[in-house]
Amino acid sequence: MPESLHIFQITETHYIVLSVILFCIGTAGVLIRRNALVIFLCIEIMLNAVNLALVTFSRHMDQNRGEVFVFFVMAVAAAESAIGLSLLIVLHRQKKTVDVDEINTLKG
Amino acid sequence: MELTFIKPFMFYFFASLTTGSALMVVIIRNPLYSAAMLVLTFFSLAGIYVLLNSEIIAVLQVFVYAGAIMVLVTFVIMLLNLRSGALINKPTHIIRSVVAVIFSFLLFICLISIFVSGNQVENAPKGVITAAAIESEGSFQLFSRALFSEYLLPFELVSLLLTVAVIGVVVLIRGISGAEENKQAKKGQGR
């Protein structure tokens, strides 16, 4: 793969590098931000990066299993966002905050 | 129709748009603007999927992520009352930001070195869904045939999962509003 990294010849490596960049941006966001909502958005960025890697490898291997898997990832992400956001609403009603540093009642 | 000439330019356009708007999601203070930037990220990723010859994933990306999930997020932001100031990000401690950036940069280097140097993928057996097969049959047909024959059981399980998620949301929200109703009823009795 690495020797085929030309600028005007788009290969699978380009897509994988884009996916890795997106994943790292998502990781940095999860670590930096304290707002639970923005952390949720950054987790969505990470999920999308993984989806891009799955589709790229599926194209590279001439299969469509990766695409089917991306479909399932999207369905699970939809369920996760519904549950996560309703948890956030419940948390905001009880604690009047969505700052993850102030939600430390489980801390020993 | 040959689009090979403009394909690199399209890729760089969509890739820079995706990366830039993803960075803005992390940098911007106001969560509502972060959500808007995330919609831009999802749309440009749909463009990347079209360049990868998988139109079905591009369409699903726009429908599910840019449509359903982002509408839900925006709705929750509106519901949580932005004016109260609880939602606006307070400035993060500088040490924390530096550590986070260093950690994610190390992660970047590790992942790049794994993906770009790994050649185990090259030796694995290839499938039958080549570019010519997609051209003749269409990616929608190939995707749907795989989904509804080989992956029928996971498909049904996912529908079950979505139903359980809906029930879970109703239980969570009803629990909290039921408690508030009880409190109000007690107040009424005290008066």
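Look a little higher up for the structure.
If you're wondering where the values come from, they're calculated on a predicted model, not measured in any experiment.

Asks: Please provide a residue-by-residue account of the packing of aromatic side chains, values included.
Replies: Two aromatic rings are characterised by how far apart their centres lie and by the angle between their planes. Overall, the coordinates contain nine aromatic pairs over all chains when judged by the stated rule. Measuring from centroid to centroid gives 4.8 Å for Tyr15 of chain A and Phe11 of chain B, while their planes differ by 70 degrees, and the two rings are edge-to-face. Separated into two different chains, Tyr15 of chain A in helix 1 (residues 12-32) and Phe11 of chain B in helix 1 (residues 7-27) make up a pair that spans both. Classification of Tyr15 of chain A by relative accessible area gives buried; the value is 5%.

Asks: Any details on the packing of helix 1 of chain A against helix 4 (residues 94-117) of chain B? Residues and values, ideally.
Replies: Between helix 1 of chain A and helix 4 of chain B, whose axes approach to 9 Å, the crossing angle comes to 155 degrees. When the interaxial angle is binned, helix 1 of chain A and helix 4 of chain B end up roughly antiparallel. In this structure, helix 1 of chain A crosses over helix 4 of chain B, and the sense of that crossing is right-handed. Where helix 1 of chain A approaches helix 4 of chain B, its residues Thr13, Ile16, Val17, Val20, Ile21, Phe23, Cys24, Thr27, Ala28, Leu31 and Ile32 of chain A are matched on the opposing element by Arg96, Ser97, Ala100, Val101, Phe103, Ser104, Leu107, Phe108, Leu111, Ile112, Phe115 and Val116 of chain B.

Asks: Explain the pattern of salt bridges to me, using residue names and the numbers behind them.
Replies: Tallying each qualifying case throughout the model produces three salt bridges over all chains. The shortest N-O distance in the salt bridge between Arg59 of chain A and Glu67 of chain A comes to 3.2 Å. Since its relative accessible area comes to 2%, Glu67 of chain A is described here as buried. Sharing partners across several salt bridges, the network here consists of Arg34 and Asp101 of chain A together with Arg96 of chain B.

Rules behind the numbers
Residues numbered from 1 in each chain as written. Chains lettered and ligands numbered in written order. Predicted model: local features only at pLDDT ≥ 70, side-chain atom pairs only at ≥ 80, totals over all residues. Heavy atoms only, no water. Phe/Tyr/Trp six-rings, centres within 6.5 Å; stacked < 30°, edge-to-face > 60°. Helix = DSSP H or I, 4+ residues; strand = E, 2+ residues; numbered from the N terminus. Buried < 20%, exposed > 50% of the residue type's maximum accessible area, 1.4 Å probe, protein only. Axes fitted to C-alpha atoms, helices over the stretch in contact; angles between N-to-C directions. Parallel < 35°, antiparallel > 145°, perpendicular 65-115°, else oblique. Left-handed = near helix turned anticlockwise from the far one by under 90°. Contact = heavy atoms within 4.5 Å. Salt bridge = Lys/Arg side-chain N within 4 Å of Asp/Glu carboxyl O.

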